[in-house]
There are 2 protein chains.
Amino acid sequence: MKIEIIDNKKIFINTSKNNFEIHPLWLRERANTKELIDQLTEQRIYDPSTLSETITIKKANIIEDSLNIEFTDGTLSNFKISDLYKELDTETMMKGPAKIKTLWNSQLNKIPITNFNKDFESKETFEMLKKFHEYGFVVIKNVPTKDNYIVNFANSIGAIRPTNFGVYFDVKSIPEYNDLAYTPMHLFPHTDNPYRKPVPCIQLLHCIENEVSGGHSTLVDGFAIANHIKEKFNEYFDILTSTKVRFRFVDKDIILENWGELIELDQNKNLKQVRYNTKIEYVPHLDKKSLELFYNARKKMGELCCSNEFEIKFKLVPGDLLMMDNHRTLHGRTAYDPKEGMRHLQGGYIDFDSSEGKLRHLERKFNFK
Amino acid sequence: MKIEIIDNKKIFINTSKNNFEIHPLWLRERANTKELIDQLTEQRIYDPSTLSETITIKKANIIEDSLNIEFTDGTLSNFKISDLYKELDTETMMKGPAKIKTLWNSQLNKIPITNFNKDFESKETFEMLKKFHEYGFVVIKNVPTKDNYIVNFANSIGAIRPTNFGVYFDVKSIPEYNDLAYTPMHLFPHTDNPYRKPVPCIQLLHCIENEVSGGHSTLVDGFAIANHIKEKFNEYFDILTSTKVRFRFVDKDIILENWGELIELDQNKNLKQVRYNTKIEYVPHLDKKSLELFYNARKKMGELCCSNEFEIKFKLVPGDLLMMDNHRTLHGRTAYDPKEGMRHLQGGYIDFDSSEGKLRHLERKFNFK
């Protein structure tokens, strides 16, 4: 990308693909003088939709990384050219602060792990968040297990999201459970709480005690599964990406429902979100052919999620905190025998604004990109 | 809708539109015996994707509201016919528990108001949630103003959603603000926090003190605005519903960004969400014609949002709690002079799973529909 001034007042951008003039109003509504932009918050203190459409550029020059403009309404402003380049690359910018996604299956060589650092302004936190966004999960070792530290952990990245399960929840076998997670049963790989609106973005699971021989954690990359289905079973992919199913949670105090595709695509047909939780899933009554196709597709998806090809399995030890992208990564656990000892995890949810917001902040701080 | 058994083993549904057989597997995965469904949680304790596709119905009969089926795998189950009818009406079911939306403009005769009842299991709460979902806002009178009661209020409906502004936040004029809300300036009608991922669904604003002569609350129905634009300015509607813009919040600890259309439609082209917050909005650089169309469309939207035709204005008094659908209703306030006295609101966010989950629960409790 290269910037150029023509006739002293037209700003042109040349890229490998095309050559275009930057619209004067687009620049004008980014003018950053203290009369226009609150310097503490970077918020406009005027409504840009009230700007006259006749405003153009009176004169302009470039000095090093600075584009200096006088607009016809008298506004003088300068723009960092490197920032303009970034903003003009919309596609990259829309990817957010974590641009690389590495899809994985059971051949994943090394589980993404970082060491806990109680200073959340540290490079370890930056690395942790990078890995999380790249792999859809990360294990943080040696996180303190006292005093429900998970809440502090979550709030040090962003803000924990309380639900009707509480600010955090204890996952152990109890008699009066309101979810099968609170039994020693095997749990199929699933995403959490697809019945919530909005669905929680990130799940934290912190191992406090794990004395049993079973109770292994299982994970599978839902995006890898989705791509596999797209490649090998295109008809299945079509029905899974076009059928909204209902998910439902019931207890004595609340009835939660939400709808969504098992594999949701965005407007550009890229993978957006995976939902898989057959315990609580209700497909609407489709015509016979579509319904049978859906059932076959769901069966295939379920088989892949438990398959040696895609599933990884490992045991959490006390202090391990597993942070998972709940829109991408499915998790489960093997059954265990509660008579062997305690198995106690603590869980909680945070959202992408927390993880991405902190990651952008740490990028700014360390000047990493 | 009418149910019928044919040949003792085929279940048919006749509606005014069509006549179809219910798929045996669709019924089978809804079989609710205690071997199949956990009776506490209504969750399946098996993976329905492992059911054999050869299962059919061996015999069936109907006794009053009960459809009784023996499947070929030996499973015996009965189904409440009235529940089946409900579930087969997918379109209605997808609308959620609040099916009526009443759009409004400044001609709205009566602001939707309910009286506070500290028993949140009450009919008042049911009425409040109904009105909220119908109008996109409701004012609850006489909510206690001590001890940050807003948190208790939110958690009595569902769960408050903390953000980097805190579990709740105080809206008053302060010198070290990180958002223009914390100044006495006029605030254009806007939706809150479009830079969050996900965007908060519901905003609560609780008036603690309001001694100033200005500082009136303004509200506008974003869905009414969107429909007006669709009707009168179709080209504007197209660009507003097809252009994702970037929203951004910055302070020393966090950088939040998210993208979305000013008017977002769902897959069926129904209104889904409105975002309007020009202080922090950045449209990507489109081609000249599209960008100018966008600017004109945004200007029109801004004008309508402040217009006598659409905007309502009223003054909150201490104890008033304004609950707003942040995906539909825009809010603002007129400027005020902090020298006249205190103006103190407390704000917080909750999500639709809270409001809808509680509403479904109260419908069940009172058997209302």
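Residues numbered from 1 in each chain as written. Chains lettered and ligands numbered in written order. Predicted model: local features only at pLDDT ≥ 70, side-chain atom pairs only at ≥ 80, totals over all residues. Heavy atoms only, no water.

### Points about the sheet that holds strand 5 (residues 66–71) of chain A
Two orientations exist for strands paired in a sheet by backbone hydrogen bonds: parallel and antiparallel. All names here are of chain A. The 3 strands lie next to each other as 4-5-6, forming an open sheet whose pairing is antiparallel. Strand pairing shows two members of the sheet lacking a second neighbour, strand 4 (57–63) and strand 6 (76–80), which therefore form its edges. With direction set aside, neighbouring strand axes in the sheet form an average angle of 20°. Of the pairings in the sheet, the one linking strand 5 to strand 6 comprises 5 bridges and is antiparallel in character. Paired with Leu 67 across the two strands is Phe 79, which belongs to strand 6. Packing against the sheet, helix 2 (residues 81–88) makes contact with strand 4, strand 5 and strand 6, and its axis sits at approximately 70° to strand 6. (Pairing = 2+ DSSP bridges. Helix = DSSP H or I, 4+ residues; strand = E, 2+ residues; numbered from the N terminus. Axes fitted to C-alpha atoms, helices over the stretch in contact; angles between N-to-C directions. Contact = heavy atoms within 4.5 Å.)

### As for the domain arrangement of chain A
Taken domain by domain, chain A comprises domain 1 (2–94) and domain 2 (113–366). A separation of 42 Å is found between the C-alpha centroids of domain 1 of chain A and domain 2 of chain A. (Domains from an automatic or database assignment.)

### Overview of the interface of chain A and chain B
How large an interface is tends to be reported as the accessible area lost when its parts come together. Taken together, the contact pairs 81 residues of chain A with 81 residues of chain B. In total, about 7,500 Å² of surface goes out of reach between chain A and chain B, with carbon and sulfur atoms giving 52% of it. At the junction of chain A and chain B, the tally comes to 12 salt bridges. The partner of Glu 257 of chain A in a salt bridge is Arg 360 of chain B, and the shortest N-O contact between them spans 4.0 Å. At the junction of chain A with chain B, the criterion picks out 48 residue pairs in polar contact (both at pLDDT 80 or more). (Buried area = accessible area lost by both parts, 1.4 Å probe. Salt bridge = Lys/Arg side-chain N within 4 Å of Asp/Glu carboxyl O. Polar contact = N/O pair within 3.5 Å; in protein donor to acceptor, adjacent residues only side chain to side chain.)

### Here's the deal with the packing of helix 6 (residues 222–232) of chain B against helix 7 (residues 234–242) of chain B
Residues and elements named next belong to chain B. The N-to-C vectors of helix 6 and helix 7 enclose an angle of 130°; their axes lie 5 Å apart at closest approach. In terms of orientation, helix 6 and helix 7 fall into the oblique class. Counted together, Ala 226, Ile 229, Lys 230 and Lys 232 of helix 6 and Asn 234, Tyr 236, Phe 237 and Leu 240 of helix 7 form the full contact between these two elements. A per-class count over the contact of helix 6 with helix 7 returns 5 nonpolar, 1 polar and 2 charged. (Parallel < 35°, antiparallel > 145°, perpendicular 65-115°, else oblique. Nonpolar A, V, L, I, M, F, W, Y, C, P; charged D, E, K, R; others polar.)

### Observations concerning the environment of Thr 50 of chain B
All names here are of chain B. Relative to the assigned elements, Thr 50 resides in the loop between helix 1 (24–28) and strand 4 (57–63). Exposure remark for Thr 50: the relative accessible area of 57% places this residue in the exposed category. Between the C-alpha atom of Thr 50 and that of Val 283, which follows or precedes it by 233 residues, the distance is 48 Å. Among the polar contacts listed, one links the side chain of Thr 50 to the backbone oxygen of Asp 47, at a separation of 2.5 Å. (Buried < 20%, exposed > 50% of the residue type's maximum accessible area, 1.4 Å probe, protein only.)

### Quick notes on the packing of helix 6 (residues 222–232) of chain A against helix 8 (residues 288–305) of chain A
Residue and element names in this part refer to chain A. The geometry of helix 6 relative to helix 8 is characterised by a closest axis approach of 10 Å and an angle of 130° between their N-to-C directions. On the basis of their axis angle, the class for helix 6 and helix 8 is oblique. Read as a crossing pair, helix 6 and helix 8 show a hand that is right-handed. Each of Ile 225, His 228 and Ile 229 in helix 6 lies in contact with helix 8, whose residues at this interface are Met 301, Leu 304 and Cys 305. When its residues are assigned to classes, the contact of helix 6 with helix 8 shows 5 nonpolar, 1 polar and no charged. (Left-handed = near helix turned anticlockwise from the far one by under 90°.)

### Structural notes on the environment of Glu 4 of chain B
All names here are of chain B. Residue position: Glu 4 is located in strand 1 (residues 2–6). Sequence separation between Glu 4 and Leu 67 is 63 residues, and the spatial gap between their C-alpha atoms is 9.8 Å. Setting aside its immediate chain neighbours within four residues, Glu 4 contacts Lys 10, Ile 11, Phe 12 and Asn 14. Reaching out from Glu 4, the side chain makes a polar contact with the side chain of Asn 14 at a distance of 3.0 Å.

### Some points on the relation of the copies chain A and chain B
Screw-axis analysis of chain A against chain B gives a translation of 0.0 Å along the axis, an RMSD of 0.0 Å, and a rotation angle of 180°. Look at the turn and shift together and you get a two-fold axis relating the two. Closest approach to the rotation axis among the C-alpha atoms of chain A is made by Arg 161 of chain A, whose C-alpha sits 2.8 Å away. (Least-squares fit on C-alpha atoms with pLDDT ≥ 70 in both.)

### A look at the pattern of salt bridges
Residues and elements named next belong to chain B. In total, this model carries 60 salt bridges over all chains according to the counting rule given. Here Lys 86 makes a salt bridge to Asp 83, at a shortest N to O gap of 3.9 Å. Of this pair, Lys 86 and Asp 83 both sit in helix 2 (residues 81–88), 3 residues apart, roughly one helical turn. A residue is classified by how much of its surface remains accessible, and Asp 83, at 39% relative accessible area, is partly exposed. The residue Glu 363 makes a salt bridge to Lys 130 at a minimum N-O spacing of 3.8 Å. On the criterion of sequence distance, the pair formed by Glu 363 in helix 9 (residues 352–366) and Lys 130 in helix 4 (residues 123–135) is long-range, its members being 233 residues apart.

### A word on the sheet that holds strand 1 (residues 2–6) of chain A
Residues and elements named next belong to chain A. Taking strand neighbours across the sheet as the criterion, the 3 strands line up as 1-2-3 in an open arrangement whose pairing is antiparallel. Among the strands making up the open sheet, the edge pair consists of strand 1 and strand 3 (19–21). Each strand axis lies, on average, 25° off the axis of its neighbour in the sheet, ignoring direction. Sheet topology note: the strand 2 (residues 10–14)/strand 3 ladder contains 3 bridges and is antiparallel.

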